[in-house]
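Topology and contacts: notes
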Amino acid sequence: MTEFNSYTKKVMELFKNPKYVGELKDADGIGIEGNVVCGDVMKVFIKVGKNKTGKEIIKDIRYQTFGCVAAISSTEALARIAKGKTLEEALKITSKDIAEYLGSLPKIKFHCSVLGVKTLHKAINEYLEKK
Amino acid sequence: MKKRIYLDYAATTPTDPRVVKAMLPYFSKQFGNTMSIHSFGQRVRQAVEDTRMKIAGLVHAEASDIFFTGSATEANNLVIKGIAWANKDKGKHIIISSTEHHCVLNAAEWLGKQGFDITVLPVDKYGLVKPESVEQALRKDTILVSIMHANNEIGTIEPIKEIGKVCRDAGVPFHTDAAQSFGKIPIDVERMNIDMLTASSHKMYGPLGVSALYVRKGIKIEPLLHGGGQEQNLRSSTVNVAGVVGFGKAVEIAKKEMKREARVQTRLRDHLIKNILSKVEDSHLNGHPKRRLPNNANFWFAYIEGESLIMKMDAAGIAAGTGSACSSLRLEPSHVLLAIGLKPEEAHGSLRMSLGRFTEKSDVDYAIRVLPKIVKNLRNISPFKGSWKT
């Protein structure tokens, strides 16, 4: 973990060039987590499809984030990791996976990666409950 | 070349090259310890006393009432704790305001745990302390009132003269933290009824590591540091000669240029405020529209967070500040913005741009061009569109 006031190059790269920002109009599952009072709210949209073996996968993913650099790059990292994964695999993504993808996160920002995982779980569970 | 525009003068200022030049001889050629009786000591002692006179001159005080410290935080701690310790037989009540700098707030809070009684006065939506509220809070056992001159975040200038009058009439020592205003707007300790005042060097183009405290004669303060008895026994430590000399040069420059600088910066500030408020939807000014430091502009933008905003601006070459929780070590939004009535989510979206001596109109125009695009970009990322509902 890095000290406060310093982000890894990878964090800044994702923050500056996010690829998965936006909405999915025909999303199969939507998850919202966080609290404006604390300063971070994440919204994740997923589209579910099937892979060659017939397993359900995250065919597409988009997100919207209100929050700091760590919150935005954590959701971006989450989207990059989750895309193409089976729902089963996606539910196993941990906050540690996100932090590792980002190189590292400042200690006091670690909760951003936790929030990302929770938001994805909510989106997947919403889909599974609707099914 | 990549642009690098500094709009964070309220955090710290660059040392003026004229100041650096004045300091240089005092590192190796004109070195000495002011306590030494030989010529090396006497020469630097004279340089330190010259600065004392310059500082006194800028605020209409007596040179023998000026004391050097290592920082404004130290000066404020010295006042708050030193007055408390020296006067606890008289009373244990201290009055401050809710928008004071953390060094005043936290020193007072610490005293609260030692059995002192601290009143934290509220401010209005502009950050102003009402002199009447000071009057109402005063008690027989009040030993100190400390209200800042100008706020470091939102730039609001407090009615110090009126508050000072209330304290003077009640016979209670009055301190003002002028770290942000000293050298930027006129201060007169006589006319403004000030008994103690904190002045900082690095906020007005002097070096870091030196500050001054004015203490009117007759006020009892217990020192924080015990040692060789420097600064009339109020602040033991070998005097930071080069720092003090630099501070003196900065004061000398301010005395000559303050008026013109304030005029130029006020114009740039108002140009910046007017344009940002008109070009960015859902943008709001924090602090008072008129009663504010010439160099301070502070906004909040709905639906985005300040640390992201600062980092996007940094990528575009502009350095600024925010009161968002996410940029603080404590993960709490600015106590100043909450005190003026902002909701936490509103305080998260705050941005402070503070101008200075070396700010050009083209710098401000660049910020006016770039900032609306950055806010728009972050609002695209945000789940909140025109309301706080997701």
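For clarity, every value in this text was computed on a predicted model and none was experimentally measured. (Residues numbered from 1 in each chain as written. Chains lettered and ligands numbered in written order. Predicted model: local features only at pLDDT ≥ 70, side-chain atom pairs only at ≥ 80, totals over all residues. Heavy atoms only, no water.)

Let us now look at the overall build of chain A. For chain A, the helix and strand inventory stands at five helices and three strands. The linear arrangement of helices and strands in chain A, starting from the amino end, is α-β-β-β-α-α-α-α. In terms of overall dimensions, chain A is globule-like: its C-alpha atoms have a radius of gyration of 14 Å, near the 14 Å expected for 131 residues. The burial tally for chain A puts 55% of its 131 residues in the buried class. Total accessible area computed for chain A in this model is approximately 6,100 Å², and 51% of it derives from carbon and sulfur atoms. (Helix = DSSP H or I, 4+ residues; strand = E, 2+ residues; numbered from the N terminus. Rg over C-alpha atoms; globule rule 2.2 N^0.38 Å. Buried < 20%, exposed > 50% of the residue type's maximum accessible area, 1.4 Å probe, protein only. Areas by Shrake-Rupley, 256 points an atom, 1.4 Å probe, with all protein chains shown as cover.)

Taken together, the side chains of K259, R260, R263 and R267 of chain B make up a positively charged region of the molecular surface. On the accessibility criterion, K259 of chain B (71% relative accessible area) is exposed. (Patch = residues over 30% accessible without salt bridge, like charges linked within 9 Å, V, L, I, M, F, W, Y side chains within 5 Å. Salt bridge = Lys/Arg side-chain N within 4 Å of Asp/Glu carboxyl O. Lys, Arg positive; Asp, Glu negative; His and termini not counted. Charge placed at Lys NZ, Arg CZ, Asp CG, Glu CD.)

All right, on to the environment of T198 of chain B then. Residues and elements named next belong to chain B. Along the chain, the position of T198 falls in strand 7 (residues 196–200). Residue classification places T198 among the buried residues on the basis of a relative accessible area of 0%. On a C-alpha basis, the gap between T198 and D177 in space is 4.8 Å, while along the polypeptide they are 21 residues apart. Leaving out residues up to four positions away in the same chain, T198 has contacts with A72, A75, N76, H175, T176, D177, A178, A179, A212 and L213. (Contact = heavy atoms within 4.5 Å.)

Packing of helix 2 (residues 69–82) of chain A against helix 9 (residues 306–315) of chain B leaves a shortest axis separation of 7 Å and a crossing angle of 85 degrees. Our classification of the angle between helix 2 of chain A and helix 9 of chain B gives roughly perpendicular. Facing helix 2 of chain A, whose interface residues are V69, A70 and I72 of chain A, helix 9 of chain B presents E307, S308 and M311 of chain B. (Axes fitted to C-alpha atoms, helices over the stretch in contact; angles between N-to-C directions. Parallel < 35°, antiparallel > 145°, perpendicular 65-115°, else oblique.)

All right, on to the packing of aromatic side chains then. Within the structure shown, the criterion is met by 11 aromatic pairs over all chains. An angle of 85 degrees between the planes, with centres 5.6 Å apart, marks the rings of F66 of chain A and W388 of chain B as edge-to-face. With F66 of chain A in strand 3 (residues 56–66) and W388 of chain B in the segment after helix 12 (361–381), this residue pair bridges two chains. Taking the relative accessible area as the measure of exposure, W388 of chain B reaches 27% and is therefore partly exposed. Cation over ring: K92 of chain B sits above F116 of chain B, and NZ or CZ is 5.1 Å from the ring centre. Here the basic side chain of K312 of chain B rests over the ring of F15 of chain A, its NZ or CZ set 4.7 Å away from the ring centre. (Phe/Tyr/Trp six-rings, centres within 6.5 Å; stacked < 30°, edge-to-face > 60°. Lys NZ or Arg CZ within 6 Å of the ring centre and 35° of its normal.)

A separate point is the interface of chain A and chain B. By a widely used convention, the size of an interface equals the accessible area lost when the partners come together. With 24 residues of chain A at the interface, the matching set in chain B holds 25 residues. The interface formed by chain A and chain B includes one salt bridge. Among the ionic pairs, E307 of chain B bridges to K109 of chain A, the shortest N-O distance being 2.9 Å. Those elements that provide at least two residues to the side of chain A that touches chain B are helix 1 (9–16), strand 2 (40–50), strand 3 and helix 2 of chain A.

With that settled, consider helix 5 (residues 102–113) of chain B. Residues and elements named next belong to chain B. Spanning 12 residues, helix 5 covers 16 Å between terminal C-alpha atoms, matching the ideal 16 Å at 1.5 Å per step. Among all positions of helix 5, only C103, V104, L105, A107, A108 and L111 are buried. Against the buried residues of helix 5 lie helix 4 (72–87), strand 3 (93–97), strand 4 (117–121), strand 5 (142–146) and helix 10 (335–339). Of the residues one or two after helix 5, G115 is the one with positive phi, at around 100 degrees. (Expected span 1.5 Å × (residues − 1).)

Scanning the model with the defined rule gives zero disulfides over all chains in all. The thiol of C68 of chain A is not disulfide-bonded; the next cysteine sulfur, from C112 of chain A, is found 4.0 Å away. The structure places no disulfide on C103 of chain B, whose sulfur is separated from the nearest cysteine sulfur, that of C167 of chain B, by 19 Å. (Disulfide = S-S within 2.5 Å.)

Another aspect to go through is the side chain of T65 of chain A. Note on placement: T65 of chain A falls in strand 3. Looking at T65 of chain A, the relative accessible area reads 2%, which means it is buried. A distance of 2.8 Å separates polar atoms of two side chains, one belonging to T65 of chain A and the other to T75 of chain A. Residues within four places of T65 of chain A in sequence aside, it is in contact with V41, M42, A71, I72 and T75 of chain A together with I381, S382 and P383 of chain B. (Polar contact = N/O pair within 3.5 Å; in protein donor to acceptor, adjacent residues only side chain to side chain.)

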